[in-house]
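# Topology and contacts: notes
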Amino acid sequence: MMEFNEFTDRITGLVQQKMGEGYTVTATKVLKNNDITRTGIVIMEKKDSMSPTIYLEEPYQQYQDGADVEEIVEEITVLYEQHSHNIKLDMDFFGDFSQVEDRIFHKVINYEKNRELLKSMPYFRWHDLAVVFYYAMQGKAFGRASIPIHSSHLDMWGKTAEEIYHTARRNMKQKMPELLVPIQKLLDRMPGLRMEESSIPLYVLTNKEKIFGASAMLYSEKIKDLADKLHSDLLIIPSSLHETLLMPDGREYDSYREMVRAVNTTQVDPEEILSFNLYRYNREKDEIEEIEETAV
């Protein structure tokens, strides 16, 4: 049984043999959210400037479960052929800010868990989080593919982090407006998912695309409306990068912190964990606060 590094070298070599001299096949390490490094291979036709990364952790698990290496190589090459024509594109347009500004958005990630990643990215601190930026690919063929915005992109465009923030904020409000709904209403749209009725009203805050929706905290006007409706401050529970949960502030912080820890540990993909902390919308101040560990 090969170790993962040996498996990576073996797959890279076999895929190169199968693709032939017109292609280069290289293994690469990619730093993902929350300081998670994934290993993939890039199959690049020599005339191209961009190609998808095919990650190897899942194929390695298949190998450990008994899959044949040659079968895995075949699956990888088929996957490449199916998707490469969607991903390959001339990236010259990316150097022209006027061609990309309408697709620049922001998201929030954990600051402490992403210190290395943030070294090469423009960002703003927001409590224990960092506001970062991305370009969302356009078209059904790309699905939810995005390109992280790095400091080198700002240099290329001649833009400041503040200008990118205002661009992203405008696009979020216009193209990804916040969605705040009772959690049961959201679950009713998902066959098979149900939760017990509760006397405590519980709401989900995300955006209409339900992608990186936790950042709706930064621009939602519906949070204040909900607090006024409930005549209460609001406890904000980080669910993932994609949504947060809101309820009247009952001050039972220790139990909710434990719930967040349990959910993050057992239910949320490690790359999609947002925070282990809690937040509160202060109705009087009309602002979101981070709840300190000692708060009661």
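Within any chain, residue numbers begin from 1 and follow the written order of that chain's sequence. Predicted model: local features are reported for residues with pLDDT of at least 70 only, side-chain atom pairs are reported and counted for 80 or more only, and whole-chain, interface and lining totals are derived from all residues. Note: side-chain values were computed over all heavy atoms of the structure, leaving out hydrogens and water.

## Observations regarding the nonpolar core
Cut-off, in case you're wondering: Among the buried residues, those of types Ala, Val, Leu, Ile, Met, Phe, Trp, Tyr and Cys that are joined through side-chain atoms within 4.5 Å form a nonpolar core. Classification of residues uses two cut-offs on accessible area relative to the type maximum, computed with a 1.4 Å probe and protein chains only: under 20% is buried, over 50% is exposed, and between them is partly exposed. We call two residues in contact whenever any of their non-hydrogen atoms come within 4.5 Å of each other.
Grouped together as the largest cluster of nonpolar side chains are 52 residues, with contacts concentrated most on Phe-94, Val-100, Tyr-135, Trp-157, Leu-246 and Ile-288. Other than its neighbours up to four places away in sequence, Phe-94 contacts Val-100, Tyr-135, Ile-147, Ile-149, His-153, Met-156 and Trp-157. Grouped together as the second largest cluster of nonpolar side chains are 20 residues, Leu-14, Met-19, Ile-54 and Tyr-80 included.

## Side note on the sheet that holds strand 10 (residues 234–240)
Condition: Strand pairing is defined by DSSP finding a minimum of two bridges between the two strands. Helical segments are the DSSP runs of H or I of at least four residues, strand segments are the runs of E of at least two, and each set is numbered from the N terminus. To get an axis, fit a line to the C-alpha atoms, keeping to the stretch in contact for a helix; angles then go from 0 to 180 degrees between the N-to-C directions.
In spatial order, the strands read 8-9-11-10-12-13; together these six strands make up an open sheet with antiparallel pairing. The sheet terminates laterally at strand 8 (178–182) and strand 13 (287–291), the two strands that pair on one side only. The average undirected angle you get between the axes of adjacent strands in this sheet is 30°. The sheet contact formed by strand 12 (residues 278–282) and strand 13 spans five bridges and is antiparallel. Within the sheet, the bridge partner assigned to Arg-280 lies in strand 13 and is Glu-289. The sheet contacts of helix 10 (residues 253–266) involve strand 10, strand 11 (243–248), strand 12 and strand 13, and relative to strand 10 the element is tilted by about 10°.

## Topic: the packing of aromatic side chains
Any two aromatic rings considered together are summarised by their centre-to-centre distance and by the angle between their planes. Rules: Side-chain rings of Phe, Tyr and Trp (the six-membered ring for Trp) are treated as a pair once their centres are within 6.5 Å; stacked means planes under 30 degrees apart, edge-to-face means over 60, and tilted covers the remaining angles. Should the NZ of a Lys or the CZ of an Arg lie within 6 Å of a ring centre and within 35 degrees of the ring normal, that charge is described as sitting over the ring.
Inspection of the entire model under this criterion finds 16 aromatic pairs. Relative to Phe-94, the ring of Phe-93 lies with its centre 5.9 Å away and its plane at 80°, an arrangement referred to as edge-to-face. Here Phe-93 matches Phe-94 in class, with each residue buried. Taken together, the ring pairs connect Phe-93, Phe-94, Phe-97, Tyr-135 and Trp-157 into an aromatic cluster. The ring centre of Tyr-55 lies 4.2 Å from the NZ or CZ of Arg-38, which sits over that ring. Above the face of the Tyr-111 ring, Arg-125 is positioned so that its terminal group lies 3.8 Å from the ring centre.

## So, the side chain of Thr-206
Filter applied, for reference: N or O atoms within 3.5 Å of each other form a polar contact, as long as, within protein, one can give a hydrogen and the other can take it, and as long as residues adjacent in sequence are counted only when both atoms are side-chain atoms.
As for its position among the elements, Thr-206 is in strand 9 (residues 203–207). The class for Thr-206 is buried, based on a relative accessible area of 4%. Reaching out from Thr-206, the side chain makes a polar contact with the backbone oxygen of His-242 at a distance of 2.8 Å. Here Thr-206 is in contact with Glu-178, Leu-179, Gly-213, Ala-216, His-242 and Glu-243, once residues within four sequence places are set aside.

## With respect to the environment of Lys-119
By secondary structure assignment, the location of Lys-119 is in the loop between helix 5 (115–118) and strand 5 (124–126). Distance from Lys-119 to Ser-151, taken between C-alpha atoms, is 8.8 Å for residues 32 residues apart in sequence. One polar contact links Lys-119 to Glu-116, side chain to side chain, over a distance of 3.0 Å.

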